[in-house]
Amino acid sequence: MLLRPQIMVFIRVPEHSDLSKHLDLTQSFAFGIRHNDAMPFSRIAYQFLAGLLIAGLIFSARAADLPAAFTAALKQAGIPLDHVAVVVQPLDGGEPLLSHNAEAALNPASVMKLVTSFAALNQLGPGYAWQTELWADGEIKEGVLNGDLVIKGYGDPTLTLERMWLLQRALRARGVIHIRGNLVLDLSYFDLPLIDPGAFDGEPLAVYNAAPGALVANFNALTLRLKPEGKQVLIVPDIALPGVALTSQLVLEESTTCNGWKDAIIPFVPGDQQLALVVSGRYPRGCGEQVLTLNLFEPAATFDFIFRGLWTEAGGTLGGATMAGRAPATEPLLRFASEPLTEALIRLNKYSNNLMTRNLFLTLGADKYGAPATLDKGARAVKEALTQRGVSTRKLVLENGSGLSRIERISAATLSQLLGAAYRSPLFAEFESALPIVAIDGTLKRRFNGSSLAGNAHLKTGTLRDVSALAGYLYTVGGQRVSVVILMNHGNAHYSEPAQRALLEWVQTTSHGLPPLRAQEPLVNRSALQGDIEKNPRGPAGQVSAGASR
């Protein structure tokens, strides 16, 4: 460890000692030794030895400075302080209000989406749009394409059912109604290893585990409707799934209550059958019709089902097979642009959409280093974007940029730096507005309800097994704006909400002696907004919560 008041002293700390966990070994600490050429050696030695004692107690001292309500709530939850990192930083400069374990590299879960979002705004710009290109490989005459329809994807993660309908509408406007040839999908823009959707947590059908892809429709989610009829429960897909065997083994219970129905059913793919789904378990009649959204197939197969289903519903026909291929070198018949990046970031962050983030991460790599997109290129592009904005990447470990990872790591200090850099950026409004608002929308809609925090903080959430995290911006009662980072990595992290609330309320309501952000502006009671903002748990029109995690 390097101690540098005005003299430099080197101390060897064992690599895996408790002290090395909590101290950044490149950090400098001042222990009050003044530079004085005439200072006696004995006085220097005395103060140096005192410094050693303080160094050994530095973690305890910082822990003692944390709000008592916060530490008490952590103790109640059984979460040790050395598994927690906190940084609270005034955004108009000065020392942190709180800094605890700031340099520890911890798993941030979905808070990592802030890193990918910040890099994307800076590298791609707020108006960036993905393209999907279509070719008619044959003659179009009287509404009939006598040849193949070729579609090349560039990773657009915003192709909801509504936008797929718009794409097809644009294709029909160019004279294509009936397709006599094949549907050829060009997936070459992404170069990805084989991805097992169940590898992360053994839940391969969970929508938050959907794999990225160059062509992705509706977040790779397929919707099934469960309908009690007579003494059975029917499974009816929203989009036709020709060739897919759907089997209901649900036992219909004569119950009028419907609490926890999803926990009582088990969807699974039997054996090695690629095109089959069985749903077993118990289903209360009182539930009526319910929706089950699943990540059933790899992205290209889901895109095929959705494209064909919507095409048929609109009166079109597609007679050939679906196959992988390459797009022609000619000008495409149609280029279909996505919604701008700023709109995508709102969905991505407010509803913590993993697939959208993973596609964005890959897009960054291809944009910076050329196609095809790879995970390595994505990681290098993100790190370069952060470095250019003065954000340290020394303890940043990236896998897919979404936080759906057991190996991704970042320090609270780095996240605090990133939040500060975003605040000083001309694109701050776009960055902050994409984050969930406490007790108002997104993944925070039902968090901290009844607290003065309601409407007064934009925070990204992060939740995995053994991980709970929050990071973003908070308004204090004095009108100041501060950034807040809370990272917890422990087996009891899922009990951390009371501690998080205690810390956030302390930051918001305590007078920290900071000047108001804009002294001339009257303070606004943002908690009053809670009842005035329309709450839509499904997000913008047509958005499902598929691919979302907290």
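A brief look at the structure comes next. (Residues numbered from 1 in each chain as written. Predicted model: local features only at pLDDT ≥ 70, side-chain atom pairs only at ≥ 80, totals over all residues. Heavy atoms only, no water.)

### Points about the overall build of the protein chain
So, point 1. Each helix and strand in the protein chain was counted, giving 12 helices and 22 strands.
So, point 2. In the structure as shown, the protein chain presents an accessible area of about 24400 Å², 52% of it carried by carbon and sulfur atoms. (Helix = DSSP H or I, 4+ residues; strand = E, 2+ residues; numbered from the N terminus. Areas by Shrake-Rupley, 256 points an atom, 1.4 Å probe, with all protein chains shown as cover.)

### What about helix α4 (residues 113-123)?
So, point 1. By the criterion of burial, α4 is predominantly enclosed, with 10 of the 11 residues buried.
So, point 2. Of all the positions in α4, only Lys113, Leu114, Val115, Thr116, Ser117, Phe118, Ala119, Ala120, Leu121 and Asn122 are classed as buried.
So, point 3. The first or second residue beyond α4 is Gly125, which carries a positive phi of 90°. (Buried < 20%, exposed > 50% of the residue type's maximum accessible area, 1.4 Å probe, protein only.)

### With respect to the packing of aromatic side chains
So, point 1. Enumeration according to the criterion identifies 11 aromatic pairs in this entry.
So, point 2. Taking 5.0 Å as the distance between ring centres and 85° as the angle between the ring planes, the aromatic pair formed by Phe428 and Tyr473 counts as edge-to-face. Here the residue Phe428 occupies a position in helix α11 (residues 428-433), and Tyr473 occupies one in strand β21 (residues 467-475), the gap between them amounting to 45 residues.
So, point 3. Given a relative accessible area of 1%, Tyr473 falls into the buried group.
So, point 4. Between Phe431 and Tyr473, the ring centres sit 6.4 Å apart and the planes meet at 80°, which makes this aromatic pair edge-to-face. Residue Phe431 is located in helix α11, and its partner Tyr473 is located in strand β21; the two are separated by 42 residues in the primary sequence. Pair check on accessibility: Phe431 and Tyr473 agree, each one buried.
So, point 5. The residue whose ring lies beneath Arg380 is Tyr369, and the NZ or CZ to ring-centre distance is 4.3 Å. (Phe/Tyr/Trp six-rings, centres within 6.5 Å; stacked < 30°, edge-to-face > 60°. Lys NZ or Arg CZ within 6 Å of the ring centre and 35° of its normal.)

### Remarks on the sheet that holds strand β15 (residues 290-294)
So, point 1. Read across the open sheet, the 3 strands follow the order β11-β10-β15; overall the sheet is antiparallel. At either margin of the open sheet sits one strand with a lone partner, and together these are β11 (232-237) and β15. Pairs of neighbouring strands in the sheet enclose a mean axial angle of 30°, with direction left out of account.
So, point 2. Here strand β10 (residues 222-229) runs beside β11; their pairing, made up of 6 bridges, is antiparallel. Residue pairing across strands places Lys227 opposite Leu234, the latter belonging to β11. (Pairing = 2+ DSSP bridges. Axes fitted to C-alpha atoms, helices over the stretch in contact; angles between N-to-C directions.)

### What to know about the packing of helix α7 (residues 341-350) against helix α8 (residues 354-369)
So, point 1. The interhelical angle for the contact between α7 and α8, taken along N-to-C directions, is 140°, at an axis separation of 9 Å. In this view, α7 runs oblique relative to α8, as classed from their interaxial angle. Helix-helix and strand crossings are classified by hand; for α7 and α8 the assignment is left-handed. Here Leu341, Ala344, Leu345, Arg347 and Leu348 of α7 come into contact with α8, specifically with Met356, Thr357 and Leu360.
So, point 2. Along the lines of polarity and charge, the residues of the contact of α7 with α8 split into 6 nonpolar, 1 polar and 1 charged. (Parallel < 35°, antiparallel > 145°, perpendicular 65-115°, else oblique. Left-handed = near helix turned anticlockwise from the far one by under 90°. Contact = heavy atoms within 4.5 Å. Nonpolar A, V, L, I, M, F, W, Y, C, P; charged D, E, K, R; others polar.)

### Quick word on the packing of α4 against helix α10 (residues 412-423)
So, point 1. Direction vectors running N to C along α4 and α10 enclose 35°, while the axes themselves pass 11 Å from each other. The two elements α4 and α10 meet at a crossing, and its hand is left-handed. Residue-level inspection shows Leu114, Val115 and Phe118 of α4 in contact with α10, the latter providing Leu415, Leu418, Leu419, Ala421 and Ala422.
So, point 2. Of the residues assigned to the contact of α4 with α10, the class counts are 8 nonpolar, no polar and no charged.

### Overview of the state of the cysteines
So, point 1. Tallied over the full model, the rule gives 1 disulfide.
So, point 2. One disulfide bridge connects Cys258 with Cys287, the sulfur atoms lying 1.9 Å from each other. Disulfide Cys258-Cys287: torsion about the S-S bond near 110°, hence right-handed. Here Cys258 is found in the loop between β12 (245-253) and β13 (265-268), whereas its partner Cys287 is found in the loop between β14 (276-284) and β15, with 29 residues between them in sequence. (Disulfide = S-S within 2.5 Å.)

### Things to note about the pairing of strand β9 (residues 183-186)
So, point 1. Of the two faces of β9, the one lined by Leu183 and Leu185 and the one lined by Val184 and Asp186 are each fully buried.
So, point 2. In this structure, strand β7 (residues 144-153) lies alongside β9, joined through 4 bridges in parallel fashion. Paired with Leu149 across the bridge in β9 is Leu183.
So, point 3. Looking at chain direction, β9 and strand β17 (residues 322-324) are connected through 3 bridges and run parallel. Across the sheet, the residue bridging to Val184 is Met323, located in β17.

### Details of the pattern of salt bridges
Pairing is possible between side chains that carry opposite charge, provided their charged atoms lie close to one another.
So, point 1. Inspection of the entire model under this criterion finds 17 salt bridges.
So, point 2. In this structure, Arg285 and Glu254 form a salt bridge, with 2.8 Å as the shortest nitrogen-oxygen distance. Of this pair, Arg285 sits in the loop between β14 and β15 while Glu254 is found in the loop between β12 and β13, placing the two residues 31 residues apart along the sequence.
So, point 3. For Arg285, a relative accessible area of 31% translates into the label partly exposed.
So, point 4. Relative accessible area serves as the criterion here: at 63%, Glu254 is assigned to the exposed category. (Salt bridge = Lys/Arg side-chain N within 4 Å of Asp/Glu carboxyl O.)

### Some thoughts on unusual backbone geometry
So, point 1. The omega torsion of the bond from Ala371 to Pro372 falls at 0°, within 30 degrees of zero and hence cis.
So, point 2. Positionally, Pro372 belongs in the loop between α8 and α9 (375-388).
So, point 3. The backbone phi angle of Ser352 is positive, close to 50°, even though this residue is not glycine.
So, point 4. Mapped onto the secondary structure, Ser352 falls in the loop between α7 and α8.
So, point 5. When its relative accessible area of 0% is taken as the criterion, Ser352 is described as buried.

As far as function goes, none of this settles anything; it's purely spatial.
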